[in-house]
Amino acid sequence: MTPLILTDATEAAAAVADRIVSLVQSKPDAVLGLATGATMEPVYAAVIAAHRAGRVSFSRVSSFNLDEYVALPTEHPGSYRSTMNRLLFEHIDIDPARTHVPDGMANDTDAAAEAYERQILQAGGIDLQLLGIGRNGHIGFNEPGSRLDSRTRRVELHAETLTANRAFFEDGGVPQQAITMGIATILSARSIIVLATGAAKKAAINQALAGFFTPACPASALVGHPDVTWIVDPAAAPDAEAA
Ligand code: F6R
């Protein structure tokens, strides 16, 4: 599990975007697993640039986002549905009906979570899952302590996640719960790319790449997947002994 260490965050994001573009070029009806967060913003900008340059069409692609806040109206600029529309979907030729984000406004979040799992299966499963990593090692919103066999479900966000995500909420009122794909859902993807940039992610990357699963670092669960690519910038690169 040696990560690709690229020269800076821009190059790292470009490398992730290239892999998405290559997959869709070779499989035009690919099913993408997408993530939100600051790390992904340059990735989506590079994907949009590739689309505008005529290199790739998303007209037959389906997508499933990892997570969504609970009880935050979809129209709120901080919701992951709005964020994905604004940062990616509105700028490429993807069919909005084939873009999926968990329904954080559902009255019955358990039923919504089960429905999401079914929709992923009906789409044929995820070809490529894109992941960022939390400072506390979370993937999706699977916080430390999450089970390896967890599936899409409602979760409570940890204090450090609330602090990190407050930046996206002008009024500081970041939601405390989310619906997230589970660790087992993520591990069901045929291939996975993790992108981590910046010094704040270094400790989590060190733990994730230690070579064994520990519930203290949910990203370490990826050790059990046969096709994971880790892409980092020098600031997030693991210490030599962990790589
Ligand atoms: C977002 C998600 C999270 C983020 C992680 C890193 O959909 O599932 O796991 O990938 O919190 O966020 P940033 O990139 O903002 O540091």
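Everything here concerns the structure above.
Residues numbered from 1 in each chain as written. Predicted model: local features only at pLDDT ≥ 70, side-chain atom pairs only at ≥ 80, totals over all residues. Heavy atoms only, no water.

**A word on the environment of Leu130**
To keep it simple, the criterion reads: The secondary structure listing takes helices from DSSP runs of H or I that are at least 4 residues long and strands from runs of E that are at least 2 residues long, numbered from the N terminus. The buried label applies to any residue whose accessible area, calculated with a 1.4 Å probe on protein chains only, is under 20% of its type's maximum; exposed applies above 50%, and partly exposed to all values in between. Two residues qualify as a contact provided that any one of their heavy atoms is within 4.5 Å of a heavy atom in the partner residue.
As for its placement among the helices and strands, Leu130 is situated in strand β6 (residues 128-131). A relative accessible area of 3% places Leu130 in the buried class. Taking the C-alpha atoms as reference, Leu130 lies 5.7 Å from Gly33; in sequence the two are 97 residues apart. Excluding residues within four positions of it along the chain, Leu130 makes contact with Val16, Ile20, Gly33, Leu34, Ala35, Met40, Val43, Tyr44, Leu66 and Ile193.

**Structural notes on the site of the ligand**
To keep things clear, this is the line we draw: Note on terminology: near, applied to a residue and a molecule or strand, indicates that one of the residue's heavy atoms is within 4 Å of it. We call two N or O atoms a polar contact when they sit within 3.5 Å, provided that within protein one can donate a hydrogen and the other can accept it, with sequence-adjacent residues counted only if both atoms are side-chain atoms. Where accessible areas are quoted, they stem from the Shrake-Rupley method and a 1.4 Å probe; at the residue level, only the protein chains shown are allowed to cover. Each residue is assigned to one of three groups, with Ala, Val, Leu, Ile, Met, Phe, Trp, Tyr, Cys and Pro labelled nonpolar, Asp, Glu, Lys and Arg labelled charged, and all others, Gly among them, labelled polar.
The local shell around the ligand holds 13 residues, among which Thr36, Thr39, Asp67, His138 and Lys201 are the closest. A distance of 2.6 Å separates an oxygen atom of the ligand from a polar side-chain atom of His138. Here an oxygen atom of the ligand and a backbone polar atom of Gly140 are 2.7 Å apart. Against a free-state accessible area of 410 Å², the protein chains account for coverage of 91% of the ligand. Here the residues of the shell around the ligand sort into 4 nonpolar, 7 polar and 2 charged.

**A look at the pattern of salt bridges**
We count it as follows: Only one rule defines a salt bridge in this text: a Lys or Arg side-chain nitrogen within 4 Å of an Asp or Glu carboxyl oxygen.
Under the criterion given, the structure shown has 6 salt bridges. Its salt-bridge partner being Arg151, residue Glu117 comes within 3.2 Å of it at the nearest N-O pair. With a gap of 34 residues between them, Glu117 in helix α4 (residues 109-122) and Arg151 in the loop between β6 and β7 (153-156) connect regions that are remote in the sequence. Given the relative accessible area of 14%, Glu117 is considered buried. One salt-bridge network, held together by shared partners, links Lys27, Asp127 and Arg190.

**Structural notes on the nonpolar core**
Condition: Residue types Ala, Val, Leu, Ile, Met, Phe, Trp, Tyr and Cys, when buried and joined through side-chain atoms within 4.5 Å, form a set referred to as a nonpolar core.
Counting 59 residues, the largest nonpolar core has Val43 and Phe58 as its most contacted members. Contributions of two or more residues to this core are made by α1 (9-26), β2 (31-34), α2 (41-52), α4, β6, β9 (191-196), α7 (202-208) and β10 (228-232). If one sorts the elements of this core by residue count, α1 sits on top with 9 residues. Excluding residues that lie within four positions of it along the chain, Val43 makes contacts with Ala13, Val16, Ala17, Ile20, Leu130 and Leu195. Within the second largest apolar cluster, 10 residues are counted, among which are Leu72, Tyr80, Phe141 and Leu157.

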